[in-house]
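Letter by letter, the chains look like this.
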Amino acid sequence: MSLDFCPSLPVALTRFLSCLVLLLLCPALLAWCTVVCESEDDPSIKWPSSVSSSHRVLIQKNATMAGIEGNQKCSEKIKKASKLRCGFEIFDANFFNDTEVQEIAKGAKEFNIPIIKANRKLVAQENGGLHNPSCLTFDPEWTKKSMKNANERFSYPTLSGVKKPKDEEDIAFMSILELGELIRTKQITSQELTRIFLERLKRFNHVLEAVVTFTDELAYEQAKEADELLAKGVHLGPLHGIPYGLKDIIAVPGYKTTWGSRSFKNQILDIESWVYKRLKSAGAVLVAKLVSGSLAYDDIWFGGRTRNPWNIEEFSTGSSAGPGASTSAGLVPFAIGSETAGSITYPAARCGVTALRPTFGTVGRTGVMSLSESLDKLGPFCRTAADCSIVLDIIRGEDPDDPSSRNIPFEDPFSLDIKRLTVGYMDDAEMEVVEVLTSKGVNMVPFKLNYSVDSVQGILNFTMDVDILAHFDEWQRTRQDDVYEAQEQWPTELRRARVIPAVDYVQAQRGRGKLIREVEQNFYVDAFIANATDWERVCLGNLVGLPVIVVPTGFKSITNPPPSGTRRRTTITTGIYAPPRHDHIALALAMAYQSITDHHKQRPPIDNLGPNDTIPDPPTVVIPPRLLRL
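Rules used in this analysis
Residues numbered from 1 in each chain as written. Predicted model: local features only at pLDDT ≥ 70, side-chain atom pairs only at ≥ 80, totals over all residues. Heavy atoms only, no water. Pairing = 2+ DSSP bridges. Helix = DSSP H or I, 4+ residues; strand = E, 2+ residues; numbered from the N terminus. Axes fitted to C-alpha atoms, helices over the stretch in contact; angles between N-to-C directions. Contact = heavy atoms within 4.5 Å. Phe/Tyr/Trp six-rings, centres within 6.5 Å; stacked < 30°, edge-to-face > 60°. Buried < 20%, exposed > 50% of the residue type's maximum accessible area, 1.4 Å probe, protein only. Salt bridge = Lys/Arg side-chain N within 4 Å of Asp/Glu carboxyl O. Patch = residues over 30% accessible without salt bridge, like charges linked within 9 Å, V, L, I, M, F, W, Y side chains within 5 Å. Areas by Shrake-Rupley, 256 points an atom, 1.4 Å probe, with all protein chains shown as cover. Lys, Arg positive; Asp, Glu negative; His and termini not counted. Charge placed at Lys NZ, Arg CZ, Asp CG, Glu CD. Parallel < 35°, antiparallel > 145°, perpendicular 65-115°, else oblique. Left-handed = near helix turned anticlockwise from the far one by under 90°. Nonpolar A, V, L, I, M, F, W, Y, C, P; charged D, E, K, R; others polar. Arc of directions from axis to C-beta. Core = buried A, V, L, I, M, F, W, Y, C linked by side-chain atoms within 4.5 Å. pLDDT = per-residue confidence, 0-100.

A.B. asks: Just give me the short version of the sheet that holds strand 13 (residues 527-530), but keep the residues and values in it.
C.D. replies: Think of a sheet as strands paired side by side through backbone hydrogen bonds, with each pair either parallel or antiparallel. Taking strand neighbours across the sheet as the criterion, the 11 strands line up as 1-3-2-8-10-9-14-15-13-11-12 in an open arrangement whose pairing is mixed. Each edge of the open sheet is held by one strand with a lone partner, namely strand 1 (211-214) and strand 12 (443-446). Across this sheet, the average inter-strand angle for adjacent strands is 30°, counted without regard to direction. In the sheet, strand 1 pairs with strand 3 (residues 285-290) via three bridges, with the strands oriented antiparallel. Note on strand 3: the bridge partner recorded for Val211 is Leu290. Sheet strands in contact with helix 8 (residues 190-208) are strand 1, strand 2 (243-247) and strand 3, and its direction is about 15° off that of strand 3.

Written out as structure tokens, the structure reads:
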């Protein structure tokens with residue numbers, strides 16, 4: 001009977017076999033197949049007379065079992081496709097059909113992942129971005145002019161008649177130019193100056209939490225060498241014998257470079273950073289590695305949280321918290337910090353010091369922890385704009401191991417005729433600055449920087465977050481982010497960055513290019529004055545590569561002062577912005593302003609708070625959650 005049955009392929013069996021094939025191709029046919037095969041009494045099914053009732057039952061049973069198995073397989077495929085489609089939603093790419101989604105998953109597993117793993121093994125085993133820099137570099141130059149005389153240094157001004165104060169605190173708040181004159185004229189030795197600043201660092205660090213590592217042995221060794229050179233008639237320049245501090249993302253051989261993170265708090269890098277070499281060759285004396293917020297995020301680090309010397313109930317904010325607080329409090333004459341998105345501007349503004357975020361690429365970054373290779377910049381925290389000019393001239397230059405660094409010409413800011421400048425001022429500029437510069441002969445005009453790009457802050461986040469995750473891929477994969485000092489900061493941000501598609505990262509860079517072109521077209525002044533900590537402007541300035549100098553412009557009362565009064569203050573600052581590679585214009589304008597005002601000379605009341613002031617621990621002022629200030 002089976003021989004009679006099989007060759008004849010009766011209609012019911014034909015339908016059943018067709019269903020089995022189509023089930024795998026079209027889940028929509030499943031219901032139809034089940035209906036056709038589920039009832040022997042279905043009048044639509046015409047069984048041949050040669051098929052007995054027992055065979056009908058067997059065929060129906062086999063068809064039902066095959067239907068169930070097919071149904072399960074289809075359900076599994078549907079579920080898998082559904083899950084993948086849900087995953088595609090977070091990429092804003094949920095426009096593929098189920099078959100395409102599964103093809104993509106298969107291709108990613110077979111093709112993409114082996115490449116990803118190979119590249120990760122090749123370049124991502126070490127954290128921090130110190131090795132294997134990207135071949136993609138960012139150049140903020142607008143005009144593309146040839147760089148003539150880029151290595152030329154200008155003549156630094158000298159101060160005559162500077163006398164050594166009797167009080168060591170007065171010495172601590174002198175400018176680099178003043179301290180340099182004391183050393184040059186042998187009124188004070190570098191070793192004596194080093195002792196003064198090391199003692200101040202150790203005296204106030206328990207309050208400020210601004211120092212990671214004291215470098216006493218190295219400092220006295222370098223100070224002794226500076227004194228011996230001077231005794232032989234060798235003077236290396238304005239930084240000869242001057243103490244300073246480095247943000248602790250900058251490597252110095254033989255000392256910890258912790259990046260502010262408990263994951264790396266015992267790390268010693270056998271790398272002599274470019275900026276340290278430049279300062280050492282100029283005769284400067286390193287006295288301390290200063291606090292960096294953990295992995296250069298904010299002011300929280302593995303040892304605590306750095307405070308603002310002007311109001312110790314506040315924190316310093318920004319990851320260059322140690323350089324900002326230490327310079328403000330007179331613990332170092334100057335310090336080197338870094339900025340990716342606000343880490344120089346925010347601490348300088350909060351702590352009331354003069355600080356420069358230079359044009360991108362001005363200072364080499366070898367030996368410096370990397371967040372984003374197209375955003376990271378090193379810059380000085382100082383007492384004055386004149387000091388910033390000197391330090392920048394010493395540390396600038398093309399670093400052979402940093403592809404983004406350039407020999408950028410740096411014109412003499414001390415000799416610039418500011419009366420020939422047209423300078424804009426925005427709605428949030430400090431008007432005292434506008435008035436002072438007007439009195440100095442500068443042509444001041446109202447200004448608004450127009451551009452159509454409405455995703456500036458998002459472009460900054462995509463650029464920075466993807467870049468840092470590339471530098472800390474291993475850190476995240478080994479789940480060291482679980483012990484990070486502030487879970488709402490990098491851990492949350494970098495987990496989100498893990499699912500930023502490569503195509504949208506590239507689109508962000510195209511948007512960045514559009515922004516740069518629009519800013520260039522609308523930058524019709526020589527410089528402009530505006531708030532230095534407006535988040536949109538911080539993002540824009542860093543994306544475009546604009547230099548800005550933060551200048552103290554006054555003080556106001558703190559919120560909720562003690563009834564008996566207090567000497568604590570809230571600092572007021574402004575920013576002077578210039579086009580890329582025109583840092584000298586911003587510096588010249590800042591020097592002109594500081595030549596008439598004395599806000600930058602004021603000293604924070606860190607050890608003279610008032611009759612009823614105390615140092616609360618922890619601080620009682622709650623700083624609200626903030627946008628990224630890197």
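A.B. asks: Give me the lowdown on the packing of aromatic side chains, citing residues and values where you can.
C.D. replies: On inspection of all chains with the given rule, the structure shows 20 aromatic pairs. Summarising the aromatic geometry, the rings of Phe154 and Phe410 are spaced 5.5 Å apart at their centres and angled 65° between planes, so their arrangement reads as edge-to-face. Residue Phe154 is located in the loop between helix 5 (98-123) and helix 6 (168-172), and its partner Phe410 is located in the loop between helix 13 (385-395) and strand 11 (422-425); the two are separated by 256 residues in the primary sequence. Relative accessible area serves as the criterion here: at 8%, Phe154 is assigned to the buried category. Of the residues examined, Phe410 reaches a relative accessible area of 8% and is grouped as buried. With a centroid separation of 6.5 Å and 45° between ring planes, the pair formed by Tyr346 and Trp535 is classed as tilted. One end of the pair, Tyr346, is in helix 12 (residues 345-351); the other, Trp535, is in helix 19 (residues 535-544), with 189 residues separating them in the sequence.

A.B. asks: Lay out the side chain of Gln489 with the relevant residues and their values.
C.D. replies: Structurally, the position occupied by Gln489 is in the loop between helix 16 (473-477) and helix 17 (490-497). Taking the relative accessible area as the measure of exposure, Gln489 reaches 7% and is therefore buried. If near-sequence neighbours (up to four positions away) are discounted, Gln489 is found in contact with Tyr297, Asp298, Ile300 and Tyr484.

A.B. asks: Outline the pattern of salt bridges, listing residues and values.
C.D. replies: The tally for this structure, following the rule as stated, stands at 32 salt bridges. Asp299 is the partner of Arg305 in a salt bridge, and the nearest nitrogen-oxygen pair spans 2.5 Å. Judged by its relative accessible area of 23%, Arg305 falls in the partly exposed class. A residue is classified by how much of its surface remains accessible, and Asp299, at 1% relative accessible area, is buried. Residue Glu339 is joined to Arg357 by a salt bridge in which the shortest nitrogen-to-oxygen separation is 3.0 Å. Taken together, the residues span a long stretch of sequence, with Glu339 in strand 8 (residues 335-339) and Arg357 in strand 9 (residues 354-357) at a distance of 18 residues. By relative accessible area, which is 1% here, Glu339 ends up buried. Here Arg357 falls in the buried class, since its relative accessible area comes to 1%.

A.B. asks: Go over a negative patch on the surface, please, and point to the residues and values.
C.D. replies: A contiguous patch of negative charge on the surface is contributed by Glu217, Glu221, Glu225 and Glu228. Tracing the backbone through its elements, the reader meets Glu217 in helix 9 (residues 216-231).

A.B. asks: Let's hear about the packing of helix 8 against helix 9: which residues, and what values?
C.D. replies: For any two helices packed against each other, the geometry comes down to the angle between their axes and how far apart the axes lie. For the pair helix 8 and helix 9, interaxial distance at closest approach is 8 Å and the crossing angle is 155°. One finds that helix 8 runs roughly antiparallel with respect to helix 9. Between helix 8 and helix 9 lies a crossing of right-handed hand. Each of Ser190, Gln191, Thr194, Arg195, Leu198 and Lys202 in helix 8 lies in contact with helix 9, whose residues at this interface are Asp216, Ala219, Tyr220, Ala223, Lys224, Ala226 and Asp227. Here the residues of the contact of helix 8 with helix 9 are counted per class, giving five nonpolar, three polar and five charged.

A.B. asks: Please give an account of helix 14 (residues 431-439) that cites residues and values.
C.D. replies: Taken residue by residue, helix 14 has Val433, Val434, Val436 and Leu437 as its buried positions. Buried residues of helix 14, viewed axially, fall in a sector of 170°; they line one side. Exposed residues on helix 14 whose side chains face more than 90 degrees from its buried face are Glu435 and Ser439. Close packing links the buried residues of helix 14 with strand 11, strand 12, strand 13, strand 14 (548-557), strand 15 (569-577) and helix 20 (583-594). Among the residues trailing helix 14, Gly441 stands out with phi positive, at a value near 95°.

A.B. asks: Report on the nonpolar core, specifying residues and quantitative values.
C.D. replies: Core analysis: the biggest nonpolar cluster contains 133 residues, and Leu239, Leu246, Leu279, Phe334, Ile336 and Leu589 have the highest contact counts within it. Ranked by residues supplied to this core, first place goes to helix 20 with nine residues. When neighbours within four sequence positions are excluded, Ile336 is seen to be in contact with Gly245, Leu246, Lys247, Ile250, Val275, Leu279, Pro323, Leu378, Gly379, Pro380, Val391 and Ile395. Ranked by size, the runner-up nonpolar core spans 21 residues in total, among them Leu198, Leu208, Ile312 and Ala329.

A.B. asks: For the confidence of the model for the chain, give the residues involved together with the corresponding values.
C.D. replies: A residue-level look at the chain finds 83% of positions with pLDDT of 70 or above and a mean pLDDT of 86. Predicted confidence for residues 1-42 stays below pLDDT 50, and this span has 41 contacts to residues more than four positions away or in other chains. Confidence drops under pLDDT 50 across residues 621-626; counting only partners more than four residues distant or on other chains, this segment forms eight contacts.

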